[in-house]
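# Observations on the model geometry
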Amino acid sequence: MSACSPGGAGRDETAAGIARAAGLEGATSGGAGFDLQTWRRDDGRPGPLFVYVEGDGLAYLDARTPSSDPTPADPVALRLAAADPGPAVLYIARPCQFAAGRADPRCSVRAWTTGRFAADVVASVDDALTRARLRHPERALVLVGYSGGGVIAALVAARRSDVARLVTVAAPLDVADWTRRIGVSPLDGAPLPLDRIDRLSRVRTVAFAGRQDRVVPVASVASAVDRLGASATLIVEPDFDHRCCWARDWPRLRTTALAAR
């Protein structure tokens with residue numbers, strides 16, 4: 001099954017409108033692995049580069065039925081990027097999302113279901129980041145991942161030596177605990193963040209969770225933070241669920257993430 005959907009163009013336009021309103025310029029990163037949709041803004045002021053990795057999107061139609069197009073109906077990570085007041089922002093979509101991914105012949109259902117955290121997926125996001133970073137390598141690097149994008153961001157952080165801070169938003173960093181709790185399909189056996197705990201614990205990590213989140217329960221986020229130890233901080237927003245209200249409050253949460261010790 002290839003990535004195609006009659007609703008995909010509408011979802012593309014929604015995302016493009018969010019990006020345009022925030023002054024983000026779109027491009028396709030076509031290096032190693034998958035072709036990925038990106039949006040970027042850099043106004044030249046000093047400060048860190050915040051990199052946002054999108055969630056799993058419309059990966060499943062229900063608990064057992066994969067979608068034919070994982071492009072998110074509501075791109076939360078893109079909304080976070082659009083709300084970022086900093087000087088440098090890069091958004092990276094997941095494989096097979098949006099027009100750039102939909103046209104990639106390497107896409108298959110595995111890339112957004114059981115293999116969504118696989119090594120080739122992680123390598124593609126890492127490569128897109130490396131290419132974008134060539135413009136201003138002097139900027140400190142902050143990785144932000146929403147939901148499943150937080151798992152990808154953590155795996156990318158574990159591969160690199162230039163990540164100043166990892167910020168996850170409603171992300172199931174303890175994937176094994178999360179799949180058990182909510183009964184989702186098993187993954188393909190690729191290394192997961194806590195399999196790289198020796199490397200990941202060297203990165204300052206701030207993990208946000210919503211007390212009302214039924215998709216990624218707070219307990220699954222807390223178990224990962226506990227295992228990461230002193231390098232990680234858990235921040236629970238009492239009134240938030242999986243989608244609300246991360247983008248609305250992102251300027252405040254961004255400041256909190258940078259200040260966390």
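Look above for the structure.
This report concerns the structure included in the present document. (Residues numbered from 1 in each chain as written. Predicted model: local features only at pLDDT ≥ 70, side-chain atom pairs only at ≥ 80, totals over all residues. Heavy atoms only, no water.)

## Some words on unusual backbone geometry
Note the following rule: By definition, any uninterrupted DSSP run of H or I lasting at least four residues is a helix, any uninterrupted run of E lasting at least two residues is a strand, and each is numbered from the N terminus. Each residue's exposure class comes from its accessible area (1.4 Å probe, protein chains only) as a fraction of the maximum for that residue type: buried when under 20%, exposed when over 50%, partly exposed otherwise.
Of note, the amide linkage connecting Cys244 to Cys245 takes the cis form, showing an omega dihedral of 5°. Examined against the element boundaries, Cys245 turns out to sit in the loop between strand E8 (232–237) and helix H9 (250–259). A positive phi angle, close to 75°, is found at Cys96, a residue other than glycine. Residue placement: Cys96 occurs in the loop between strand E4 (88–92) and helix H3 (98–102). Its identity is not glycine, yet Ala170 carries a phi of approximately 50°, on the positive side. Residue placement: Ala170 occurs in the loop between strand E6 (163–169) and helix H6 (175–182). Residue classification places Ala170 among the buried positions, given a relative accessible area of 0%.

## Re the pairing of E8
Put simply, the rule is: Here the rule is simple: two strands pair whenever DSSP picks up at least two bridges between them. Assignment of crossover handedness uses the view with strands pointing away from the viewer, where a clockwise path from the first strand over the helix to the second indicates a right-handed crossover.
One ladder, built from six bridges, connects strand E7 (residues 205–210) with E8; its direction is parallel. If you follow Phe208 over to E8, its bridge partner there is Ile235. In this fold, the crossover linking E7 to E8 by way of helix H8 (residues 218–228) has right-handed handedness.

## Some details on the nonpolar core
Going by this rule: Only buried residues count toward a nonpolar core. Its members are Ala, Val, Leu, Ile, Met, Phe, Trp, Tyr and Cys residues joined through side-chain atoms within 4.5 Å. In what follows, a contact means two residues having at least one pair of non-hydrogen atoms within 4.5 Å.
Ranked by internal contacts, the top residues of the largest apolar core, which has 48 residues, are Val51, Ile92, Leu129, Leu143 and Ile152. Among the elements that take part in this core, helix H5 (residues 148–159) stands out by supplying seven residues, more than any other. Once residues within four sequence positions are removed from consideration, Leu143 is found in contact with Val51, Leu129, Ala153, Val156, Ala157, Val163, Arg165, Leu166 and Val167. With 33 residues, the next largest nonpolar core counts Ala15, Leu80, Val144 and Ile235 among its residues.

Shape is all these values report; function is a separate question.
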